[in-house]
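Residues per chain, in single letters:
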Amino acid sequence: MIFGKEKKGFPDNFLWGCALSAKQAEGIDGRGITVADIQDYDPQNIDKVKGDFSKNEILLRLEHPENYVFPKKNGIQFVSRYEEDLQLLHELGINCFRMSISWSRIFPNGDDKYPNEEGLAFYDSIFKTLNERNMTPIVTIYHDDMPINMALKYNGFLTKEGTDYFMRYALVVLNRYHHFVKYWIPVNQINLTRIGLSSLGIIKDTVSDLQNAKHQAVHNKFVCCAKLKQSALLIDPNIKLGTMSADFYVAPHTCKPEDVIFATEKNRLTMFYYLDVQLRGVYPEYILSYFEENDVIFDVGLEELDLIKENTMDFIAISYYNSNTASAEQNTYAIGDSTPNPYLEANEWGWSINPSGLLNTLIHCWDRYNVPIMIAENGFGQIEYLDDNDMVDDDYRIEYIKQHLKMIEKALNQGIDVFSYCLWSPIDMVSSGTSEMKKRYGIIYNDVDDSGHGSGKRVPKKSYFWYQNVVKTNGRTL
Ligand code: BG6
């Protein structure tokens, strides 16, 4: 063997895909109302739609829906249009598809006595269709859309009842679909805990200490993941479970020593803590000392710690869009509290473009954990319109994806085991953060505006045809 001669590139079994979530795509037909459904679109107050509502605000939204625009309730009608949509993705040539199951389609209120057979049958037909089209499903069990009843009655993942009901739902879908689905992500972006209601189900004014409540609920999610791993081994040893992290890796804003150490510590608190628990199986000392210094107190059972230790996750799923910097003077340790990188360009929403940031994260994750990694989400949001030829010339998106894929290729050449890339998103969908339609990520245009008006017609953009060729050539045309 000669060192230095081997260029690996994308392996033949690389999973090329696209990703979407139930809360942004499916629409409400046949399912119960969720915490995501009450996130309204309000152009005057885009920040308000983050979704961290008080109990009264929730009730107002439930009792007077006519006063709001709720785009996630409609999604993009994937529930009735999935055959046509999956056909377009089949023609795209991808061999995997990341999606989420809607908890409220299986248990409309979360605590219903029996699962909803119609909801289960819906996913049967999705998985059958994917199977027939040779697309490997990657399934998120919880993509931030618990039944609203779970939040109102049990404060979601904060309580034993809430987590027990989640476990019941998760086991129902694991048992039902394991013949079709090998790759499972129990919870989307476990480290993105700033949005209390949507990710954790906690209603902010019903708990005395929100900070402690959030850590308790995250711990409960860790325990759920470990229990699922334990059960998965019995249900089907082929099942692989992944921990998912939203990439919030920050670079030091300057090389001042205080910025450098601040960024390092912030990265541990916002990303590596979660991955350490789920991949190394223990709460690291640095987080225990952070809890102590910041009076963070929550309940942890010794048997839960054993469960976490014995049932670590099999792979890492990363969502990567942009990157920022951290300044000791300007920022706190809170996730997402960062300073823009002056060397990077950004889109309308201030999301910077930094392909090498993806490589940076891949290197850190691989060197630290040595487990397979999938890119669960990566994409570019932009305001777009169909031109006179019924086309969207999204060269900027092509360039964005191309540069990120080149970084993945580089990672592969360095021996980093990246096994899948899922583009966010196949079709323009409702934005998770702002509930807008105009923040378009799709490689397929969807003719709907922010208020839900439009034909809903799907039109492949230029990037669709470009990605088709990338997939066909297994990345050799990058
Ligand atoms: C990810 C979420 O964090 O970011 C997706 O998992 C979301 O659901 C994506 O759509 C992009 O965010 P946004 O707010 O632009 O839709």
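This write-up is about the structure you can find in this document. Note that the structure is a prediction, hence the values are computed from the model and not measured.

Okay, the layout of surface pockets next. For the second largest pocket, the calculated volume is near 360 Å³. Lining the second largest pocket are 17 residues, with Thr193, Gln211, His215, Ala334 and Ile335 sitting closest to its centre. Considering each element in turn, the lining of the second largest pocket owes the most residues, five residues, to helix H10 (residues 210–235).

Another point: the site of the ligand. Around the ligand sit 13 residues in total, of which Gln189, Ser432, Gly433, Lys439 and Tyr441 are the nearest. Here an oxygen atom of the ligand sits 3.1 Å away from a polar atom, N or O, in the side chain of Asn188. Side-chain polar atom of Glu377 to an oxygen atom of the ligand: 2.8 Å apart, as the coordinates give it. Relative to its unbound accessible area of 370 Å², the ligand is 92% covered by the protein chains.

Attention now moves to the state of the cysteines. Counting across every chain of the model gives zero disulfides. For the unlinked cysteine Cys225, the closest cysteine sulfur is that of Cys224, found at 6.8 Å. Of all cysteine sulfurs, the one in Cys225 lies closest to Cys365, which takes part in no disulfide; the gap is 16 Å.

So, on to the packing of aromatic side chains. Under the criterion given, the structure shown has 41 aromatic pairs. Relative to Tyr400, the ring of Phe380 lies with its centre 5.3 Å away and its plane at 35°, an arrangement referred to as tilted. Residue Phe380 is found in the loop between strand E9 (373–377) and helix H15 (395–413), and its partner Tyr400 is found in helix H15; the two are separated by 20 residues along the sequence. Taking relative accessible area as the criterion, Phe380 reaches 8% and is therefore assigned buried. Connected via pairs of aromatic rings, a cluster forms that spans Phe222, Phe262, Tyr273, Tyr274, Tyr283, Tyr290, Phe291, Phe298 and Tyr333.

As a further point, take the pattern of salt bridges. For the structure shown, the criterion picks out 23 salt bridges. The partner of Arg81 in a salt bridge is Glu84, with the nearest N and O atoms 3.0 Å apart. Residue Arg81 and its partner Glu84 are located together in helix H4 (residues 78–92), separated by three residues, close to a single helical turn. Judged by relative accessible area, Glu84 falls into the partly exposed class, the value being 37%.

Spatially, eight strands are ordered E1-E2-E3-E4-E5-E7-E9-E10 in a closed barrel, and the strand pairing comes out parallel. Along the sheet, successive strands turn relative to each other by an average axial angle of 25°, direction set aside. Across four bridges, the pairing between strand E7 (residues 315–319) and E9 is parallel. Bridge pairing links Ser319 to Glu377 in E9. Helix-sheet contacts for H10 involve strand E3 (136–142), strand E4 (183–187) and strand E5 (240–246), and the interaxial angle to E4 is about 155°.

Before going further, it helps to examine empty space enclosed by the protein. Rolled over the atoms, a probe with the dimensions of a water molecule shows which regions are left empty. For the coordinates displayed, the defined rule picks out three cavities of 30 Å³ or more. The calculated volume of the largest cavity comes to roughly 50 Å³. Per-class residue counts for the lining of the largest cavity are six nonpolar, three polar and no charged.

Conventions adopted
Residues numbered from 1 in each chain as written. Predicted model: local features only at pLDDT ≥ 70, side-chain atom pairs only at ≥ 80, totals over all residues. Heavy atoms only, no water. 1 Å grid on protein atoms, 1.4 Å probe; cavity = no way out; pocket = protein on both sides within 12 Å on 5 of 7 lines; lining within 4 Å. Points joined across faces, edges and corners; volume = space filled by probe spheres on them. Helix = DSSP H or I, 4+ residues; strand = E, 2+ residues; numbered from the N terminus. Near = heavy atom within 4 Å. Polar contact = N/O pair within 3.5 Å; in protein donor to acceptor, adjacent residues only side chain to side chain. Areas by Shrake-Rupley, 256 points an atom, 1.4 Å probe, with all protein chains shown as cover. Disulfide = S-S within 2.5 Å. Phe/Tyr/Trp six-rings, centres within 6.5 Å; stacked < 30°, edge-to-face > 60°. Buried < 20%, exposed > 50% of the residue type's maximum accessible area, 1.4 Å probe, protein only. Salt bridge = Lys/Arg side-chain N within 4 Å of Asp/Glu carboxyl O. Pairing = 2+ DSSP bridges. Axes fitted to C-alpha atoms, helices over the stretch in contact; angles between N-to-C directions. Contact = heavy atoms within 4.5 Å. Nonpolar A, V, L, I, M, F, W, Y, C, P; charged D, E, K, R; others polar.

In short, geometric facts, not functional conclusions.
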